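Here are the chains, one letter per residue:
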Amino acid sequence: MSTHLNGVSVIVAGAGLAGLAAARELAANGARVTVVEARDRVGGRVYTLADGFIEGQHAEAGGDLIDEDHTALIHLTEELGLPLARILRKGFGYARLAANGKVRIQRPSSARGWTRLSAALEPHIRAYRIGERRWDTPVAADLASRSVAEWLDAMQADEELRATAKGLRGFFLADPDELSLLALVDQFSGEETSWPSKMYRVEGGNQRLAAAMAAALGDRVKLGTEIVAVSQRGRRVRASLKSGRLTADLLADYMIFAIPATLLRRIPITPALPVHQHQAIAKLAYGRATKTLVQFAERFWRSATRPRAFGSPLPAGAVWDANEEQRGRPGILSLLAGGSASDATAAIVERDGVEALARSLEWLGVKDTTLVGSRQHRWEADTWSRGGYAVFDHTFDPALRGWLAQPFGKLFFAGEHTSLKYQGYMNGAVESGQRAAAEVIATHRMAARGRPLHTAL
Ligand SMILES: Cc1cc2nc3c(=O)[nH]c(=O)nc-3n(C[C@H](O)[C@H](O)[C@H](O)COP(=O)(O)OP(=O)(O)OC[C@H]3O[C@@H](n4cnc5c(N)ncnc54)[C@H](O)[C@@H]3O)c2cc1C
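Calculation rules
- Residues numbered from 1 in each chain as written.
- Predicted model: local features only at pLDDT ≥ 70, side-chain atom pairs only at ≥ 80, totals over all residues.
- Heavy atoms only, no water.
- Helix = DSSP H or I, 4+ residues; strand = E, 2+ residues; numbered from the N terminus.
- Rg over C-alpha atoms; globule rule 2.2 N^0.38 Å.
- Buried < 20%, exposed > 50% of the residue type's maximum accessible area, 1.4 Å probe, protein only.
- Contact = heavy atoms within 4.5 Å.
- Areas by Shrake-Rupley, 256 points an atom, 1.4 Å probe, with all protein chains shown as cover.
- Axes fitted to C-alpha atoms, helices over the stretch in contact; angles between N-to-C directions.
- Parallel < 35°, antiparallel > 145°, perpendicular 65-115°, else oblique.
- Nonpolar A, V, L, I, M, F, W, Y, C, P; charged D, E, K, R; others polar.
- Core = buried A, V, L, I, M, F, W, Y, C linked by side-chain atoms within 4.5 Å.
- Near = heavy atom within 4 Å.
- Polar contact = N/O pair within 3.5 Å; in protein donor to acceptor, adjacent residues only side chain to side chain.
- Domains from an automatic or database assignment.
- Phe/Tyr/Trp six-rings, centres within 6.5 Å; stacked < 30°, edge-to-face > 60°.
- Lys NZ or Arg CZ within 6 Å of the ring centre and 35° of its normal.
- Pairing = 2+ DSSP bridges.

**Concerning the overall build of the chain**
So, step 1. Tallying secondary structure elements over the chain gives 14 helices and 23 strands in all.
So, step 2. Its C-alpha atoms give the chain a radius of gyration of 22 Å, within 12% of the compact-globule value 23 Å for 457 residues.
So, step 3. Split into buried and exposed, the 457 residues of the chain put 55% on the buried side.
So, step 4. Taking the intrachain contacts of the chain between residues at least 6 apart in sequence as the baseline, contacts between residues at least 24 apart amount to 74%.
So, step 5. Total accessible area on the chain is roughly 20100 Å²; 51% of this is exposed by carbon and sulfur atoms.

**Considering the packing of helix α2 (residues 71-79) against helix α14 (residues 426-448)**
The angle between the axes and the distance between the axes are what describe a pair of packed helices.
So, step 1. Packing of α2 against α14 brings their axes to within 7 Å, and their N-to-C directions diverge by 80°. As summarised for this structure, α2 and α14 are arranged roughly perpendicular, according to the angle between their axes. Across from Thr71, Ala72, Leu73 and Leu76 in α2, the residues of α14 making contact are Met426, Asn427, Val430, Glu431 and Gln434.
So, step 2. The residue inventory of the contact of α2 with α14, partitioned by class, reads five nonpolar, three polar and one charged.

**Quick notes on the nonpolar core**
Side chains that are nonpolar tend, in soluble globular proteins, to be buried together.
So, step 1. Residues Leu121, Leu184, Ile227, Val230, Met255, Phe257 and Leu411 are the most contacted members of the largest nonpolar core, which totals 65 residues.
So, step 2. Of the residues forming this core, the biggest block, six residues, is contributed by helix α8 (residues 181-188).
So, step 3. In this structure Val230 touches Val237, Arg238, Ala239, Met255, Phe257, Ile267, Pro268, Ile269, Thr270 and Leu411, once residues within four positions along its chain are discounted.
So, step 4. With 44 residues, the next largest nonpolar core counts Val12, Val42, Leu73 and Leu209 among its residues.

**Describing the site of the ligand**
So, step 1. The full set close to the ligand counts 37 residues, and Glu37, Arg45, Leu65, Glu416 and Met426 are the nearest of them.
So, step 2. At 3.1 Å from a nitrogen atom of the ligand is found a main-chain nitrogen or oxygen belonging to Ala38.
So, step 3. Within the side chain of Arg45, an N or O atom sits 2.7 Å from an oxygen atom of the ligand.
So, step 4. The protein chains hide 98% of the 1000 Å² of surface that the ligand would expose on its own.
So, step 5. If you list the elements that add at least two residues to the shell around the ligand, you get α1 (17-28), β11 (226-233) and α14.
So, step 6. Taken together, the residues that form the shell around the ligand break down as 21 nonpolar, ten polar and six charged.

**Concerning the domain arrangement of the chain**
So, step 1. For the chain, the assigned domains are domain 1 (9-44 + 206-282 + 404-448), domain 2 (48-92 + 196-205 + 288-381) and domain 3 (112-188).
So, step 2. Taken over C-alpha atoms, the centre of domain 1 sits 33 Å from the centre of domain 3.

**A look at the environment of Tyr286**
So, step 1. Note that Tyr286 resides in strand β16 (residues 285-286).
So, step 2. Distance from Tyr286 to Trp379, taken between C-alpha atoms, is 9.8 Å for residues 93 residues apart in sequence.
So, step 3. Setting aside its immediate chain neighbours within four residues, Tyr286 contacts Arg45, Pro260, Ala261, Thr262, Arg386, Gly387, Tyr389, Ala390, Val391, Glu416 and His417.
So, step 4. Here the side chain of Tyr286 touches Ala261 through a polar contact of 3.0 Å, landing on its backbone nitrogen.

**Side note on the packing of aromatic side chains**
So, step 1. By the definition in use, this model includes 14 aromatic pairs.
So, step 2. Ring centres 6.5 Å apart and planes at 75° place the aromatic pair Tyr422 and Tyr425 in the edge-to-face group.
So, step 3. Members of the aromatic cluster, each reached through a chain of ring pairs, are Phe171, Phe172, Tyr422 and Tyr425.
So, step 4. For Lys410, the ring lying beneath its charged end belongs to Tyr254, and the centroid distance is 4.8 Å.

**A closer look at the pairing of strand β17 (residues 289-296)**
So, step 1. Counting buried positions along β17 yields eight of eight residues, so the element is predominantly enclosed.
So, step 2. In β17, alternate side chains face the same way, and those of Ala289, Lys291, Leu293 and Gln295 on one face and Thr290, Thr292, Val294 and Phe296 on the other are all buried.
So, step 3. By the bridge criterion, eight bridges tie β17 to strand β20 (residues 331-338) in an arrangement that is antiparallel. When the sheet's bridge partners are listed, Gln295 is paired in β20 with Ile332.
So, step 4. Pairing analysis gives seven bridges linking β17 to strand β21 (residues 371-378), with the strands arranged antiparallel. Bridging across to β21, Gln295 finds its partner in Gly373.

**Things to note about helix α6 (residues 159-167)**
So, step 1. For α6, the set of buried residues is Glu160, Leu161, Ala163, Thr164, Ala165 and Gly167.
So, step 2. Each element contacted by the buried residues of α6 is listed here: β7 (93-97), α3 (112-130), α5 (148-154) and α7 (169-172).
So, step 3. Put simply, Asp158 is the residue that caps the front of α6, since its side-chain oxygen is 3.3 Å from the backbone nitrogen of Glu160.

See the structure below:
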């Protein structure tokens, strides 16, 4: 154990992957850490559900798929001794509505629409890459000020391109009229990974990752406790806490906020954050996302020749096998409905029950197979997330993005939304927590040498 932070106290707000990863690093460096979590469980948007399913099966209501390049997360699972299961070996196919009104799995190449979209974006991708993919340039500002829908209209895109862009709402959690062109160009201009890239999930559920980190922290994690106000005066940070009807103040040397911007912007912070930082946090949009997990008596969707995962522009959203690594005859499908599909899917279930949603999967081969269990989670209605994950819409000034992660005095910021490379992923949450912990250590070292940072108050 390193002793850089011996005797130093740090409050971490939020026990999602970002907060727990930060707390783990800080504790390993000798800090006295207190993790304050509003829910009565750890994990935040990583939420493994077992209740409601038969034969002891489970599935993920939030973060599910781990890509092979998510190395911070993968290293963490190795450190914690949590095995990963390789899943969805054939990658994602694509299902679309054909002219006759029936859903079809697109052939010959499921990646055709994707390739065409990428080709259409090429001039923008080139300009963005020349600008080193920075978000504080006129190129980025120009791309950010247009929605994907406006771009599609301007280029008189055909139905296939529009359907492909719409299908991406299961990924971006935003419809083409909500998403900025910059967010799309950013995604398509990233490094090429092998296709299909290898995907994994934690055996026994991704929540084990959060549970293992929390177990090591023991009673330093305070559940059912909300941060309601924060002030930094003099040398210390004061956090006002609320637990049921009880209130208390906690003093510390540093504080890391690892909570979504939707909740962060409700907390009064004194003195006020710099105006650009305040704006970035206030303006950041979050995507609507409903995850429906449907368990069938048989895994009728399995076939030797086709993938077990599909993007789609359909109301049910993207569909994939949620528990192929688990034993038993039954199996669970995961339906991720992003953007307006989140409203559509919730409306179907409200009106006609989850059976109607299950019937809409006819194209996967469902006939009279019995539905034996189901759960649905609507993240925009979840009090402690108020959305799926951050979405850069066409009203967000991209030059503000860096402010989401910018320290202010003794306050530091982590969470999926602060990650540049892995925003919207569990890996982004973990990396951001580790980054914020490293920033606390560096700040403390500089202060010990009498060199305050330029971000000091
Ligand atoms: C439907 C869905 C599907 C996803 N699929 C994937 C996927 O397949 N692969 C992938 O890599 N990622 C996926 N993600 C994204 C991934 O789950 C998130 O990026 C990640 O879990 C975010 O972690 P976090 O620590 O930043 O935030 P959170 O997990 O939201 O943690 C923040 C914590 O702060 C707490 N909190 C909030 N306000 C307060 C307060 N005032 N006081 C105290 N505590 C507070 C919250 O309760 C929460 O526990 C998905 C997300 C969703 C919603």
